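Commentary on secondary and tertiary structure
Single-letter residue listing:
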Amino acid sequence: MAPSETGGVQIVRSESMAYEEALRASGVTHDEALQASLDAAEAEQSRAERLQAATVARSEALRTATVERAEALRQVTADHDGALRAAEERRSSAQRAAEEDYSKHLATAEAEAASAADAAYQEELAAATRAHEEALRAADVAAQTALARAQAIRDAGIARAEAIRTAGTKRAQLLKEAAANYEIALRDAAHARTDKLKEITAAHDEALQEATVGYLEALRSAAPVPPQTVPVDDPEEAETDEVAEETGPKLVVIDALDEDRAG
């Protein structure tokens, strides 16, 4: 074989070996790249699974907190309504008692005034009747003749008329005094009833304010504590949690409720 031919075979063999080396290197690089891609896919899938589990756990915690808060609010509202009903019943009972006391005092004052006026009238009428009878007896004894008896009867009639007039005047005066006493008793009873109603209204307002303050305190204490977030290692996962927090339910506490009720 000629030297040129031997040199050509060696060059071709070297090129073939270089090609095979390059091919093997390319295969190794391809395998490494493929393995890296598979590892990255597995890591991404694991991250997605952790993110999904964290999202599900957080959603469940938010749902549980929302349900507990709703139950607490319903309980607080029921307690507040019960307190209001009890305060209203106490106020109605006290008002009825005040009305009954006022009616009793009024009836007693009317009965006393009427009894005093009637007793005074009967006493004056009895006195006039006795005076008339005594005058008649005196006239019968003193009258010896018809003229004397007539004069005595006339005098007795005049005396009786005067006694009746005097009795009527005294009875009118007694009735006037009884009416004045009745007006005084009525005014005193009205003042006592007004003071009693003021006390009842003040007690009712105080009980209503205490029930409202208790209701607001219960509302504040029933607010749920936000659940602990799952720690994450990826900024994208942290951003997803922040978006979920922004779109989640928010708690609004109304602090001006007692001011509106007071107004």
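Residues numbered from 1 in each chain as written. Predicted model: local features only at pLDDT ≥ 70, side-chain atom pairs only at ≥ 80, totals over all residues. Heavy atoms only, no water.

The next thing to look at is the overall build of the protein chain. A tally of regular secondary structure across the protein chain gives four helices and zero strands. Secondary structure elements of the protein chain, listed N to C terminal, follow the sequence α-α-α-α. Classification of the 263 residues of the protein chain by burial places 14% in the buried group. Contacts in the protein chain between residues at least 24 apart in sequence constitute 88% of all its contacts with a sequence separation of at least 6. Just so you have it, the protein chain exposes about 19,300 Å², and 56% of that area is on carbon and sulfur atoms. (Helix = DSSP H or I, 4+ residues; strand = E, 2+ residues; numbered from the N terminus. Buried < 20%, exposed > 50% of the residue type's maximum accessible area, 1.4 Å probe, protein only. Contact = heavy atoms within 4.5 Å. Areas by Shrake-Rupley, 256 points an atom, 1.4 Å probe, with all protein chains shown as cover.)

All right, on to the environment of Ala 185 then. Relative to the assigned elements, Ala 185 resides in helix H2 (residues 146-221). The sequence separation of Ala 185 and His 105 amounts to 80 residues, and the corresponding C-alpha distance is 8.3 Å.

Predicted coordinates in areas of low pLDDT are best not read in detail. With 78% of its residues at a pLDDT of 70 or more, the protein chain shows a mean pLDDT of 77. Summarising per-element confidence for the protein chain, the mean pLDDT is lowest in helix H4 (residues 257-262) (45) and highest in H2 (87). Scored below 50 in pLDDT, residues 1-5 shows one contact in the model against residues more than four places distant or in partner chains. (pLDDT = per-residue confidence, 0-100.)

Within this structure, the stated rule accounts for eight salt bridges. Across the salt bridge formed by Glu 71 and Arg 74, the nearest N and O atoms sit 2.1 Å from each other. Taken together, the positions of Glu 71 and Arg 74, both in helix H1 (residues 3-142) and three residues apart, correspond to about one turn of that helix. (Salt bridge = Lys/Arg side-chain N within 4 Å of Asp/Glu carboxyl O.)

To continue, consider the side chain of His 204. By secondary structure assignment, the location of His 204 is in helix H2. The exposure class assigned to His 204 is buried, which follows from its relative accessible area of 15%. Here the side chain of His 204 touches Glu 88 through a polar contact of 3.3 Å, side chain to side chain. With sequence-adjacent residues up to four places away left out, His 204 is seen in contact with Ala 87, Glu 88 and Arg 91. (Polar contact = N/O pair within 3.5 Å; in protein donor to acceptor, adjacent residues only side chain to side chain.)

Looking now at the environment of Leu 125. Looking at the secondary structure, you find Leu 125 in helix H1. With relative accessibility at 36%, the residue Leu 125 sits in the partly exposed group.

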